[in-house]
Amino acid sequence: MNRLMGLLCFLTLSISSLTAEVSLKDLLKYDKEICLERLEKATNEELWDVFLEGQAELFFEPEFQWIASQDSWREAKNILEIESGNGAYLSKLADKFHEKSFYGIEKLPLSVKQANERYARDRVVFQEGDAEILNEQLFHSAESVLFRLTLQHLKNPLLALQNTWHYLPSNGHVFIIDSCDGAKKTSHPITAIDEALELVAESQRNHGVGNRKITLEILQMLESHQSQLSGLYEVVYSNLDATGNVLDEVLRLEGEQARKRYSNHNLLFLTLVHRTYQVKVDMSKAYDEIREYLDDENAWTVLGMHYLILKKK
Ligand SMILES: C[S@@+](CC[C@H](N)C(=O)[O-])C[C@H]1O[C@@H](n2cnc3c(N)ncnc32)[C@H](O)[C@@H]1O
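Computed from a predicted structure; not experimentally measured.

## Structural notes on the site of the ligand
Surveying the vicinity of the ligand reveals 17 residues, the closest of which are Glu 81, Glu 83, Glu 106, Asp 130 and Arg 148. Glu 81 is positioned with one of its side-chain polar atoms (N or O) 2.8 Å from a nitrogen atom of the ligand. Here the ligand has 600 Å² of accessible area as a free molecule, and 90% of this is covered by the chains. The residue inventory of the shell around the ligand, partitioned by class, reads 5 nonpolar, 5 polar and 7 charged.

Written out as structure tokens, the structure reads:
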């Protein structure tokens, strides 16, 4: 009996010390129990940090191709990112465009600190700032402003765009990259993700904070010329039409590396969604579905994303 207890203790201790070493960047290398335990024990700061880094890697190349093909981006010398998070994405852009200067503002002091420690350098600067508060220091500071995966989180995204109008010269551009779940297409649905996204949208509606369709609404407002934004901006590019149909698949994920990154990303995403919005997520079922997606060599996904470019009037 004592030997059995000893063995059990040893196994529990071994699994616990193993989970402590499991990298959140490579969860699916481990079995289900270890992976789910690691996610459960991770702090929010850890999860956000690895999630944002992974998201930058997963999305960057196709988005870079898209952004680099836009004349207005190529001509801009100064780029301002509003809500730059931990700086991972802006830094990747700076690696590609050596002749431009990049400035990120972000509300969370911890993220600004991480961005400065990791990525600040000549031409790449991060500072605290709030998208919803007009900042006179930013007036006419950039020919292009980037909002990436951020308008959807704001209480008042239209105010953020009104503020941004002041930060641009005339004919300056706003590059918006944001979620639009309805535009997602996939050969292999993961129901746990789709269900969680619906619950998030419902929670956002109930609390009046955030909107994962905001960019589509902005497009509709601008195209109908009936909003406070109509006098400020015109639409020069949208990969979706005003009803949300995909006209241009900017972000298609396929192949082994994309499947691996997307699968890891989804595990982190569901854990964060569960903690942030207190929505119900069955992580065991989610893990099984994500593992099946990973094992399906033919799986592809066009992420539900909206790419929108506005020009200042
Ligand atoms: C999903 S992250 C995106 C970060 C970055 N743009 C990227 O693409 O990796 C959203 C960020 O917006 C920040 N944020 C939320 N509300 C904000 C506000 N009012 N002003 C500035 N940043 C804000 C959050 O702290 C978070 O870092």
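## Here's the deal with the pairing of strand β3 (residues 124-128)
Relative to β3, strand β2 (residues 101-106) is paired through 5 bridges, and the arrangement is parallel. Directly across from Phe 102, in β3, lies its bridge partner Val 124. In this fold, β2 hands off to helix α6 (residues 109-119), which returns the chain to β3; that crossover is right-handed.

## A closer look at the packing of aromatic side chains
Taken as a whole, this structure holds 12 aromatic pairs when the rule is applied. Plain terms: the ring middles of Phe 60 and Tyr 89 are 5.4 Å apart, the flat faces sit at 70 degrees to each other, and that makes the pair edge-to-face. Remark: Tyr 89 occurs in helix α5 (residues 88-96) and Phe 60 occurs in helix α3 (residues 44-68); sequence separation between them is 29 residues. Classification of Tyr 89 by relative accessible area gives buried; the value is 5%. Connected via pairs of aromatic rings, a cluster forms that spans Phe 60, Phe 64, Trp 66, Trp 73, Tyr 89, Phe 97, Phe 175, Tyr 237 and Tyr 307. Directly above the ring of Tyr 89 sits Arg 148, whose terminal nitrogen or CZ lies 3.6 Å from the centroid. The side chain of Arg 252 reaches across the aromatic face of Trp 300, ending 4.3 Å from its centre.

## Describing unusual backbone geometry
Despite not being glycine, Glu 83 has its phi angle at roughly 75 degrees, a positive value. Relative to the helices and strands, Glu 83 is located in the loop between β1 (78-82) and α5. The buried category is assigned to Glu 83, whose relative accessible area is 18%. Even without being glycine, His 140 reaches a positive phi, approximately 55 degrees. When you line up the elements, His 140 lands in the loop between β3 and β4 (144-148).

## Focus on the nonpolar core
Residues Leu 39, Trp 66, Leu 93, Leu 267 and Leu 270 are the most contacted members of the largest nonpolar core, which totals 69 residues. Here this core gets 11 residues from one element, more than from any other, and that element is α3. The contacts of Leu 39, once residues within four sequence positions are left out, are Leu 24, Leu 27, Leu 47, Leu 267, Leu 268, Thr 271, Arg 275 and Met 283. Among the nonpolar cores identified, the runner-up in size contains 30 residues, and Ala 142, Tyr 167, Cys 180 and Ile 214 belong to it.

## Digging into the pattern of salt bridges
For the structure shown, the criterion picks out 20 salt bridges. Between Asp 26 and Lys 29 there is a salt bridge, with the nearest N and O atoms lying 3.7 Å from each other. Asp 26 gets classed as partly exposed once you look at its relative accessible area, which sits at 35%. For Glu 117, the salt bridge identified is with Lys 113, shortest N-O distance 3.2 Å. Taken together, the positions of Glu 117 and Lys 113, both in helix α6 and 4 residues apart, correspond to about one turn of that helix. Residue Glu 117 is classed as exposed on the basis of its relative accessible area of 58%. Three or more residues joined by partner-sharing salt bridges are found here, namely Lys 185, Glu 249, Arg 252 and Glu 254.

## Topic: helix α9 (residues 214-224)
Of the residues making up α9, those classed as buried are Ile 214, Thr 215, Leu 216, Ile 218, Leu 219 and Leu 222. Contacts made by the buried residues of α9 are with α7 (157-167), β5 (173-179), β7 (233-238) and β10 (305-312). Two residues or fewer past α9, His 225 is found with a positive phi of approximately 55 degrees.

## Structural notes on the sheet that holds strand β9 (residues 300-302)
Read across the sheet, 3 strands follow the order β6-β9-β8 without closing on themselves; strand pairing throughout is antiparallel. Edge positions in the open sheet fall to β6 (185-186) and β8 (252-254), since each of these has one partner strand only. Strand direction decides the pairing type here: β6 and β9, joined by 2 bridges, are antiparallel. When the bridges of β9 are listed, Lys 185 appears paired with Val 302.

## A few points about the sheet that holds β10
Spatial strand order, β3-β2-β1-β4-β5-β10-β7: 7 strands in an open sheet with mixed pairing. Whereas interior strands pair on both sides, the edge strands pair on one side only; in this sheet they are β3 and β7. Geometrically, the sheet is characterised by an average inter-axis angle of 20 degrees between neighbouring strands, direction not taken into account. Packed onto the sheet, α3 meets β4, β5, β7 and β10 and runs at close to 45 degrees relative to β10. This element, α6, spans β2 and β3 of the sheet and lies at about 165 degrees to β3.

What counts as what
Residues numbered from 1 in each chain as written. Predicted model: local features only at pLDDT ≥ 70, side-chain atom pairs only at ≥ 80, totals over all residues. Heavy atoms only, no water. Near = heavy atom within 4 Å. Polar contact = N/O pair within 3.5 Å; in protein donor to acceptor, adjacent residues only side chain to side chain. Areas by Shrake-Rupley, 256 points an atom, 1.4 Å probe, with all protein chains shown as cover. Nonpolar A, V, L, I, M, F, W, Y, C, P; charged D, E, K, R; others polar. Pairing = 2+ DSSP bridges. Helix = DSSP H or I, 4+ residues; strand = E, 2+ residues; numbered from the N terminus. Right-handed = clockwise from strand over helix to strand, strands pointing away. Phe/Tyr/Trp six-rings, centres within 6.5 Å; stacked < 30°, edge-to-face > 60°. Buried < 20%, exposed > 50% of the residue type's maximum accessible area, 1.4 Å probe, protein only. Lys NZ or Arg CZ within 6 Å of the ring centre and 35° of its normal. Core = buried A, V, L, I, M, F, W, Y, C linked by side-chain atoms within 4.5 Å. Contact = heavy atoms within 4.5 Å. Salt bridge = Lys/Arg side-chain N within 4 Å of Asp/Glu carboxyl O. Axes fitted to C-alpha atoms, helices over the stretch in contact; angles between N-to-C directions.

That's the geometry; what it means functionally is another story.
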